[in-house]
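Single-letter residue listing:
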Amino acid sequence: MFELLDLILNSPIGSAILTGFQDSLYALIVLSDCDECGFNDLGKLLFGGVIAAILVGVVISILLRRLKDKTSASTEFVSIMSHDRKP
């Protein structure tokens with residue numbers, strides 16, 4: 001699994017996706033920067049980040065499951081065992 005992730009991140013498409021994600025994080029940090037934010041707001045940000053991570057994980061797992069169901073429906077199991085066995 002880690003090798004697949006490494007291959008994806010090292011590919012041109014993966015690096016473009018990673019760069020876009022990094023740029024969006026920087027934009028989010030700049031937009032959320034406020035002088036009135038205290039230590040109590042960090043807990044809200046952490047909780048919001050955990051909720052967002054869980055939602056992203058659920059969405060990705062649903063998409064992967066649907067993709068897996070579509071690809072497995074096109075291939076059927078073929079047995080190489082003979083059904084006519086004689087002792």
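Residues numbered from 1 in each chain as written. Predicted model: local features only at pLDDT ≥ 70, side-chain atom pairs only at ≥ 80, totals over all residues. Heavy atoms only, no water.

As for the environment of Leu 9
Part 1 of the reasoning: With respect to the secondary-structure elements, Leu 9 resides in helix H1 (residues 2-10).
Part 2 of the reasoning: Those residues in contact with Leu 9, other than ones at most four positions away along the chain, are Gly 14, Ser 15 and Leu 18. (Helix = DSSP H or I, 4+ residues; strand = E, 2+ residues; numbered from the N terminus. Contact = heavy atoms within 4.5 Å.)

Topic: the confidence of the model for the protein chain
It should be kept in mind that the predicted coordinates are not to be read in detail where pLDDT is low.
Part 1 of the reasoning: Mean pLDDT for the protein chain: 76, with 71% of residues reaching 70 or above.
Part 2 of the reasoning: By mean pLDDT, H1 is the weakest element of the protein chain at 76, and helix H2 (residues 12-32) is the strongest at 81. (pLDDT = per-residue confidence, 0-100.)

Structural notes on a nonpolar patch on the surface
Part 1 of the reasoning: On the surface, a nonpolar cluster with roughly 720 Å² of combined accessible area is contributed by Phe 2, Leu 5, Leu 9, Leu 18, Phe 21, Leu 25 and Leu 28.
Part 2 of the reasoning: For the nonpolar patch, the secondary-structure elements that each account for two or more residues are H1 and H2.
Part 3 of the reasoning: Sorting elements by how many residues they give to the nonpolar patch places H2 first, with four residues. (Patch = residues over 30% accessible without salt bridge, like charges linked within 9 Å, V, L, I, M, F, W, Y side chains within 5 Å. Areas by Shrake-Rupley, 256 points an atom, 1.4 Å probe, with all protein chains shown as cover. Salt bridge = Lys/Arg side-chain N within 4 Å of Asp/Glu carboxyl O.)

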